[in-house]
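Close look at the chain arrangement
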Amino acid sequence: MTLVAIVDYGMGNLRSVAQALSHVKQENQDIVITSEPEVIDRAERVVLPGQGAMPDCMKAIRESGLLESVYRAARDKPMFGVCVGEQMLFETSEEGPADCLSLFPGKVERFNAADTTEQGLKVPHMGWNQVEQVRQHPLWEGIADKAWFYFVHSYHVRPAVADHIAGQSVHGERFTCAVARDNIFATQFHPEKSAQDGLRLYRNFLRWHP
């Protein structure tokens, strides 16, 4: 059996992610929620979820003893960041403000209140929205461009490198909602709450060999 580790540092919708991954896993894959660095080190693939305020998430992952194992995994293992788990990959966040993991160049910004209010929209951005696939990637296989995914967030990433943008959506402004680089793929939306297309994205991740 090969391990797929969901990082448990005390923040995130872990059970829903685990259930979705278990639904589409291969026979030789074991989905585990873990707070043990050695399990993350043994895992073939790693999922980094996140939920809540960025300062709390960063404090929790630093105090959990898992930070270095996440950095080790990010070097060469297939890694999937979800929601705040995507935001954590960047350098800094306006929320707090807070320093993040610096695995991607760029920052995390709050939605522009003026842009959303003028269009009758609210922050947080909550509910279903379309995702435009900005570039081809193996994880988009079998998912139609501009498919609908489920979002819950007030902040979004602004990558410093355009080639890292894999998907975009619009909520008052056009924003990045999926990023990819080498062995890492991450989304602002929640695949585990996004019906069949979300499951397909997780299925593709579990079969991805970057």
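See above for the structure.
Basis of the calculations
- Residues numbered from 1 in each chain as written.
- Predicted model: local features only at pLDDT ≥ 70, side-chain atom pairs only at ≥ 80, totals over all residues.
- Heavy atoms only, no water.
- Helix = DSSP H or I, 4+ residues; strand = E, 2+ residues; numbered from the N terminus.
- Buried < 20%, exposed > 50% of the residue type's maximum accessible area, 1.4 Å probe, protein only.
- Contact = heavy atoms within 4.5 Å.
- Areas by Shrake-Rupley, 256 points an atom, 1.4 Å probe, with all protein chains shown as cover.
- Core = buried A, V, L, I, M, F, W, Y, C linked by side-chain atoms within 4.5 Å.
- Phe/Tyr/Trp six-rings, centres within 6.5 Å; stacked < 30°, edge-to-face > 60°.
- Lys NZ or Arg CZ within 6 Å of the ring centre and 35° of its normal.
- Pairing = 2+ DSSP bridges.
- Salt bridge = Lys/Arg side-chain N within 4 Å of Asp/Glu carboxyl O.
- Polar contact = N/O pair within 3.5 Å; in protein donor to acceptor, adjacent residues only side chain to side chain.

This next bit is on the overall build of the protein. Each helix and strand in the protein was counted, giving 7 helices and 13 strands. In terms of its C-alpha atoms, the protein occupies a principal-axis envelope of roughly 50 × 40 × 30 Å. The buried share of the protein, taken over its 210 residues, is 55%. Pairs at least 24 apart in sequence give 71% of the contacts found in the protein among residues at least 6 apart. A total of about 9200 Å² of accessible surface is found on the protein, and carbon and sulfur atoms cover 45% of it.

Inside soluble globular proteins, nonpolar side chains tend to come together where they are buried. Y9, V47, F80, M88, L89, W140 and F185 are the most contacted members of the largest nonpolar core, which has 71 residues in total. The element contributing the most residues to this core is helix α1 (residues 14–24), with 6 residues. Not counting residues within four places of it along the chain, the set of residues in contact with V47 comprises V4, A5, I6, V7, V17, L21, F80, V82 and F205.

Take the packing of aromatic side chains next. Two aromatic rings, taken as a pair, are described by how far apart their centres are and by the angle between their planes. By the definition in use, this model includes 11 aromatic pairs. What links up through ring pairs into an aromatic cluster is the set F80, W140, F185, Y202, F205 and W208. Stacked on the ring of F205, the Lys or Arg R45 has its end atom at 5.9 Å from the ring centre. Above the face of the F104 ring, R181 is positioned so that its terminal group lies 4.9 Å from the ring centre.

As for its position among the elements, G106 is in strand β7 (residues 106–110). A relative accessible area of 9% means that G106 is categorised as buried. As for G106 and V179, which are separated by 73 residues in sequence, their C-alpha atoms are 11 Å apart. Discounting chain neighbours no more than four positions away, the residues touching G106 are F90, E91, T92, R158, P159 and A160.

This paragraph deals with the pairing of strand β12 (residues 173–181). One face of the sheet, then the other: side chains in a regular strand alternate in exactly this way. The element β12 is largely enclosed, with a buried count of 7 among its 9 residues. As paired strands, strand β11 (residues 165–171) and β12 are joined by 6 bridges and run antiparallel to one another. Note that in β12 the partner of H171 across the bridge is E173. Hairpin connection from β11 to β12: 1 residue lie between these consecutive antiparallel strands, with G172 at a positive phi of about 75 degrees. In the sheet, β12 pairs with strand β13 (residues 184–187) via 4 bridges, with the strands oriented antiparallel. If you follow R181 over to β13, its bridge partner there is I184. Counting the residues in the hairpin turn of β12 and β13 gives 2 residues, including D182, whose phi is positive at 50 degrees.

This part is about the pattern of salt bridges. Between side chains of opposite charge, a pair can form when the charged atoms approach closely. On inspection of all chains with the given rule, the structure shows 9 salt bridges. Measuring nitrogen to oxygen at the nearest pair gives 3.0 Å for the salt bridge that ties D41 to R72. Residue D41 is located in helix α2 (residues 37–42), and its partner R72 is located in helix α4 (residues 67–76); the two are separated by 31 residues in the primary sequence. For R72, a relative accessible area of 31% gives the class partly exposed. A salt bridge links D182 to R181; the nearest nitrogen and oxygen atoms lie 3.1 Å apart. Here the salt bridges do not stand alone but share partners, grouping K107, E109, R158 and E173 into one network.

What follows covers the side chain of H125. Its location among the elements puts H125 in strand β8 (residues 125–133). For H125, a relative accessible area of 3% translates into the label buried. There is a polar contact of 3.2 Å between the side chain of H125 and the side chain of N129. When near neighbours in sequence (up to four residues on either side) are disregarded, H125 contacts F111, F151, V152, H153, H171 and F175.

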